[in-house]
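Here is how the chains run, residue by residue.
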Amino acid sequence: MLAASASLLNIKIAVLDVGEAAPAKQVVSLPSSTSDAKKLAHIDGSFKDPAKIKELAATVDVLTVEIEHVDVNALEEVQRSTQVEIHPSPSTIRLIQDKYRQKEHLKEKGCPISEYIRVDSTVESVKDAAKKLGLPLMLKSRTLAYDGRGNHVLKDAERAQEAIDALGNREMYAEKWVPFVKEIAVMVVRACDGTVVSYPTVETVHKDNICHLVFAPLRGTDPSLGERARTIAEQAVAALDGAGVFGVEMFLMEDGSIFINEIAPRPHNSGHYTIEACETSQYENHLRSILSLPLGSTALKVPSTVMLNLIGASSSMSEIQSVVEVALTVPGASTHLYGKSECRKGRKMGHITIVAPSDAELRTRLRLLLQALPGSTQ
Ligand code: ADP
Ligand code: MG
């Protein structure tokens, strides 16, 4: 989606990812290898491979990431030894990679976060955390977590060893269980000079720890909520370094208070709706910010919108195809399939955004898609 956005501005993009048919490479036509080290070419390799990162850096002016689980040491080396600009800054990516350090940073900056503590991968330490923060307890792997992989809910302190095993013995920490009434999110764009602008606050609905639906604008009885969430998100992103878009995930509590859950240093699932529903998409604004171009308006241009993630139900695309077939008949529905080579249970394979002239019409249109989802009882 970033590549598609770049092509409209004649911005040339080279992609580092495994395979010649990696999704973003399907969008941008470039030679996949070249003997000329200065010529822009896609690179076949892992974004965790320092040599490949340096190979990519040798051909570009600006380097950015669409996933935070990259090799930051290599990015820092590129930063030290070349003129290549890196956004967001490697120090921000390093900070966000470690969810515990991220919490410490947010706390230090005065951002609202719920209680958490350090935990060692030992039964005593986990039991101690359960005593201090209560049950259920959310145990989280400090690194390499996404789509709920890296989270474990401990309901019984006697099952501490099971929790440690489930997190693969990785370094972890514990969060107090947050009985939120809603999950909300704000995409924030940070310009090179540190200016921040935000998109409207959205409601995110998760299923099995994975984002399922995103609604905008936010509806509810408290008219100040959307603005309060945007201010919190903007302040949190202003306290980070480097340009780009950031996804700020938050919890809304019964009493109207807000906690930040986590920040993603990149275009984010909760901002996919911006492609069809806002004056400038999160992808275009990411490009504008990292290239020091004027930022585009973040305003909604439709009365109501929803994004539905297309998540693999099995190794077959057939379940997703049946939703897509319906989407093609629904007014205001735009389908995005990512071109990933393999479908797997729980893997994000695409999404559909619906726009509508009213919330009621949006719900009617959405219902048609939800009825086509596997396991639907509607
Ligand atoms: P990921 O990196 O997988 O997105 P998150 O930390 O955002 O991990 O957790 C995934 C989901 O788990 C959240 O969106 C929320 O629904 C739930 N969750 C996370 N932390 C807590 C918590 N402390 N209390 C209750 N639910 C939580
Ligand atoms: Mg999350």
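What counts, and at which threshold
- Residues numbered from 1 in each chain as written.
- Chains lettered and ligands numbered in written order.
- Predicted model: local features only at pLDDT ≥ 70, side-chain atom pairs only at ≥ 80, totals over all residues.
- UniProt positions renumbered as here; feature names shortened; annotations may be inferred.
- Core = buried A, V, L, I, M, F, W, Y, C linked by C-beta atoms within 7 Å.
- Buried ≥ 20, exposed ≤ 12 C-beta atoms within 10 Å, placed from the backbone.
- Contact = placed C-beta atoms within 7 Å.
- Near = placed C-beta within 6 Å.
- Nonpolar A, V, L, I, M, F, W, Y, C, P; charged D, E, K, R; others polar.
- Helix = DSSP H or I, 4+ residues; strand = E, 2+ residues; numbered from the N terminus.
- Pairing = 2+ DSSP bridges.
- Axes fitted to C-alpha atoms, helices over the stretch in contact; angles between N-to-C directions.

Per an unreviewed UniProt entry, the protein goes by Phosphoribosylaminoimidazole carboxylase and derives from Marasmius tenuissimus. The Catalytic activity (unreviewed entry) comment attached to the protein in UniProt states, word for word, "5-amino-1-(5-phospho-D-ribosyl)imidazole-4-carboxylate + H(+) = 5-amino-1-(5-phospho-beta-D-ribosyl)imidazole + CO2". If you open the UniProt record of the protein and go to Sequence similarities (unreviewed entry), you find "In the C-terminal section; belongs to the AIR carboxylase family. Class I subfamily."

(A) Focus on the nonpolar core. Core analysis: the largest hydrophobic core is formed by 81 residues, its most contacted members being Val188, Val248 and Met250. The residues touching methionine 250, leaving out its near neighbours within four places in the chain, are Ile184, Ala185, Ala229, Ile232, Ile258, Phe259, Ile260 and Asn261. Counting residues in hydrophobic clusters, the runner-up holds 15 residues, among them Tyr100, Leu137, Leu139 and Ala160.

(B) The arrangement of the site of ligand 1 in detail. Looking at ligand 1, there are 16 residues lining it, with Met138, Ala145, Glu175, Val178 and His206 nearest. Of the residues contributing to the shell around ligand 1, the split by class is five nonpolar, six polar and five charged.

(C) Structural detail: the pairing of strand 15 (residues 304-311). Extensive coverage of strand 15 is indicated by the burial of eight of its eight residues. Burial of strand 15 is two-sided: the residues Ser304, Val306, Leu308 and Leu310 facing one way and the residues Thr305, Met307, Asn309 and Ile311 facing the other way are all buried. Sheet topology note: the strand 12 (residues 210-216)/strand 15 ladder contains four bridges and is antiparallel. Looking at strand 15, one finds that phenylalanine 215 is bridged to valine 306. By the bridge criterion, eight bridges tie strand 15 to strand 17 (residues 348-356) in an arrangement that is antiparallel. Paired with asparagine 309 across the two strands is histidine 351, which belongs to strand 17.

(D) Up close: the sheet that holds strand 6 (residues 137-141). Spatially, four strands are ordered 5-8-6-7 in an open sheet, and the strand pairing comes out antiparallel. With one partner strand each, in any of the chains shown, strand 5 (116-119) and strand 7 (151-154) form the two edges of the open sheet. Neighbour-to-neighbour, the strand axes of the sheet open up by a mean angle of 25°, direction not taken into account. One ladder, built from four bridges, connects strand 6 with strand 7; its direction is antiparallel. Across the sheet, leucine 137 pairs through a bridge with leucine 154, a residue of strand 7. Strand contacts of helix 7 (residues 123-133): strand 5, strand 6, strand 7 and strand 8 (172-176), with the helix running at about 165° to strand 5, the strand carrying the most contacts.

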